[in-house]
Amino acid sequence: MVFGVRDAVAGPCEISCTMSLTAIVLAAGLGKRMQSELPKVLHPAAGRPLMLYPLRAAIEAGATAIVCVVSAEVRDRAIGLCRTAMPAADVDVRVQELPQGTGDAVKVGLDGVESERVLILCGDTPLLRADDLRTLIRQLDAAPGTELALMSARVEEPSGYGRVLRDANGRVTEVREHRDLRSDAERAVQEVNAGVYVANTAALRSALERVKADNAAGEFYLTDVVALAAAGGGALAVLGHADNLLGVNDRAQLADAERLLFQRIVRRHQVAGVTVRGDAHIDDSVEIGADARIEAGVQLRGRCRIGAGTVIDAGSVITDSEIGERATVKPYSVISESRVAAGAQIGPFAHVRPGSEIDEDAHIGNFVETKKTRVRKGAKANHLAYLGDGDIGEGANVGAGTIFCNYDGFRKHKTVIGPGAFIGSDSQLVAPVQIGQNAYVATGTTVTRDVPDDALAIGRTAQENKAGYAPRLKARLAAQAKKQ
Ligand code: UD1
Ligand code: CA
């Protein structure tokens, strides 16, 4: 008797340790309905290209080898993607030269496959769950002799999908594509093919040899193997939840799929102890510490890490950035490719642009823009400032309206402010320039030369007060206005 490893070990190995399993992911179609320059399977949903989701589900379900069938155009990007997003997985990327149909794509994928079973997935079904795949494999296990099991779903609007046709006894007889349906009764069938299959490799190979392109699309349909399996050892269809099986063919379906992905991701963080309110969009690759709070309308895009206890308030958009613990990002702030350390406060309405490093307990207030600037521990720039290519020392205070004049029209230059320095409001620091430790720049100064430690820099025209002049000036201006 084969020892049922599945009984002894939980996790990804649960099912297939008794039988090797190769997953073939079909991702070489033209994706015409997307009407896009970008190949369909590379379109992002919740921050990852569509094709990455089924690849990941296949690995989680215990596939020991993965073959990804793509068009020549997508090949290099697919290889790069697998390397960066799934470095541990063994993914063999193959090219289907011409998109002659899903049956032809599987033939390309099957070449050289030695495992007894193959799992076939489509690159355009991002909601697929490993659990569903395990169920499908288990059902095939439980029906000895059966050559193929496919996942089906019951949908209100089956238009566009292949229909699962059954005989009077409920046995699957075939899958017929929408364009090839022959009667209203067939069109009314609501059980559709989800495009997910587990098959006996040898039987599948032999069936594919017999598939012809004699259908409305003139393509080699993988779905034709269902009838061949049904007439041979048998085929079965396992009903899954329609949401998990959604196929993306156009932008409307892409939007539906992404909405469901976002819901799933939010739920995952909520269960892990994060408060998420409203319609936050959190990409799949984002990590969030416990007790963080993500408010409505927040978008966390790409590779973000949000520390424990941190608040990201309403409407903020954070991309590829790291926010430390107990930090506060107040409403409507935008942070990109930057690092914000523990306890720092950003916003409201701040713009932290790429290469910014905001250290512990530093403050970046409303209408402050930083770019490639380090704001060291406890330093503050609370209102209306442009801080580009700078380094602001510990505890320094940058007043409202301060501008780092970093660009001379040709090159960027650096502004360095020493620890404890005070920059008065409405100052311009013309880079390259250094302000010394504990130095003081008087309000309204245009700084063009370095300021030594502890020095006061003041550069503005002296003020003159003309006694009693205001009423006379007003009278003159009023008379001029009347004349016109
Ligand atoms: C397919 C199924 C249909 C099912 C639906 C579920 C066939 C013939 N039809 O239809 O029964 O209801 O999925 O979503 O299989 N691809 C290739 N090479 C090709 C053609 C397609 O790799 O030559 C890939 C595509 O990139 C895509 C997948 O196969 O990821 C499915 O192709 P698609 O054109 O989307 O098939 P559907 O019309 O949706
Ligand atoms: Ca599809």
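Everything that follows concerns the structure shown earlier in this document.
Now for a description of the structure that goes with this document. The structure presented is a predicted model; accordingly, all values stated were derived computationally and were not measured.

**Digging into the overall build of the chain**
Part 1: Broken down by element type, the chain carries 11 helices and 39 strands.
Part 2: The dimensions of the chain, computed from C-alpha atoms along their principal axes, are 105 × 65 × 40 Å.
Part 3: A total of 484 residues make up the chain; the buried ones form 48% of that total.
Part 4: For the chain, contacts bridging at least 24 residues in sequence account for 42% of all contacts bridging at least 6.
Part 5: One way to put it: in the chain the 57 positive side-chain charges average out to a point 8 Å from where the 60 negative ones average out.

**Some details on the sheet that holds strand 30 (residues 390-392)**
Sheets are built from strands that pair by backbone hydrogen bonding, the pairs being arranged parallel or antiparallel.
Part 1: Pairing is parallel across the open sheet formed by 9 strands, whose spatial order is 14-17-20-23-26-28-30-33-36. Unpaired on one side and paired on the other, strand 14 (287-288) and strand 36 (433-435) mark the two borders of the sheet.
Part 2: Of the pairings in the sheet, the one linking strand 23 (residues 339-340) to strand 26 (residues 357-358) comprises 2 bridges and is parallel in character. By the bridge assignment, Val340 is partnered in strand 26 with Ile358.

**As for the coordination of the calcium ion (ligand 2)**
Part 1: Coordination of the calcium ion (ligand 2) by the protein involves Asp124 (OD) and Asn249 (OD1), with metal-donor separations of 2.4 to 2.5 Å. Here Asp124 is found in the loop between strand 6 (117-122) and helix 5 (130-141), whereas its partner Asn249 is found in the loop between helix 9 (242-245) and helix 10 (251-271), with 125 residues between them in sequence.
Part 2: Its relative accessible area of 16% is what places Asn249 among the buried residues.

**As for the nonpolar core**
Soluble globular proteins tend to bury their nonpolar side chains together.
Part 1: One finds Ile282, Ile294, Leu300, Ile417 and Ile435 to be the most contacted residues of the largest nonpolar core, which totals 105 residues.
Part 2: At 7 residues, helix 10 tops the list of elements feeding residues into this core.
Part 3: Ignoring any residue separated from it by four or fewer positions in sequence, one finds Ile417 in contact with Asp391, Ile392, Gly393, Ala396, Val398, Phe404, Ile423, Leu429 and Ile435.
Part 4: The next biggest cluster of nonpolar side chains, apart from the first, holds 28 residues, and it includes Ala28, Ala199, Val226 and Ala229.

**Some points on the layout of surface pockets**
Part 1: What the largest pocket holds in volume is close to 1,200 Å³.
Part 2: Lining the largest pocket are 40 residues, with Arg33, Lys40, Thr102, Glu219 and Asn249 positioned closest to its centre.
Part 3: Among the secondary structure elements, those contributing two or more residues to the lining of the largest pocket are strand 1 (21-27), helix 4 (102-110) and strand 10 (191-200).
Part 4: Residue contributions to the lining of the largest pocket peak at 4 residues, all from strand 10.
Part 5: Residues of the lining of the largest pocket, tallied by class, amount to 15 nonpolar, 18 polar and 7 charged.
Part 6: Estimated volume of the second largest pocket: approximately 370 Å³.
Part 7: Around the second largest pocket, the lining is made up of 14 residues, and of these Arg56, Glu60, Leu128, Arg129 and Arg264 lie nearest the centre.

The rules behind the values
Each chain carries its own residue numbering, running from 1 in the direction its sequence is written. Written order decides the labels, with chains lettered from A and ligands numbered from 1. The predicted origin of the model limits local features to residues at a pLDDT of at least 70 and limits the giving and counting of side-chain atom pairs to 80 or more, whereas totals for whole chains, interfaces and linings rest on all residues. Based on all heavy atoms of the structure, the side-chain values leave hydrogens and waters out of the count. Helical segments are the DSSP runs of H or I of at least four residues, strand segments are the runs of E of at least two, and each set is numbered from the N terminus. Between buried and exposed lies partly exposed: a residue is buried under 20% and exposed over 50% of the maximum accessible area for its type, with that area taken using a 1.4 Å probe on protein chains only. For this analysis, residues touch if any pair of their heavy atoms sits within 4.5 Å. Positive charges come from Lys and Arg, negative ones from Asp and Glu, while His and the chain ends are left out of the count. In this description, the location of a charge corresponds to atom NZ of lysine, CZ of arginine, CG of aspartate or CD of glutamate. Whether two strands pair comes down to DSSP finding at least two bridges between them. Donors, by definition, are the N, O and S atoms found within 2.8 Å of a metal, the threshold being 3.2 Å for Na, K and Ca, and water is not counted, so a site can look incomplete. The criterion is simple. A nonpolar core is a set of buried Ala, Val, Leu, Ile, Met, Phe, Trp, Tyr and Cys residues joined through side-chain atoms within 4.5 Å. Grid points spaced at 1 Å and placed over the protein atoms alone form the basis of the search, with a cavity being a set where a 1.4 Å probe fits but cannot get out and a pocket an open set showing protein on both sides within 12 Å along at least five of seven lines. Lining residues have an atom within 4 Å of a point. Grid points are joined across faces, edges and corners, and a volume is the space filled by probe spheres set on the points. Put simply, Ala, Val, Leu, Ile, Met, Phe, Trp, Tyr, Cys and Pro go in the nonpolar bin, Asp, Glu, Lys and Arg in the charged bin, and everything else, Gly too, in the polar bin.

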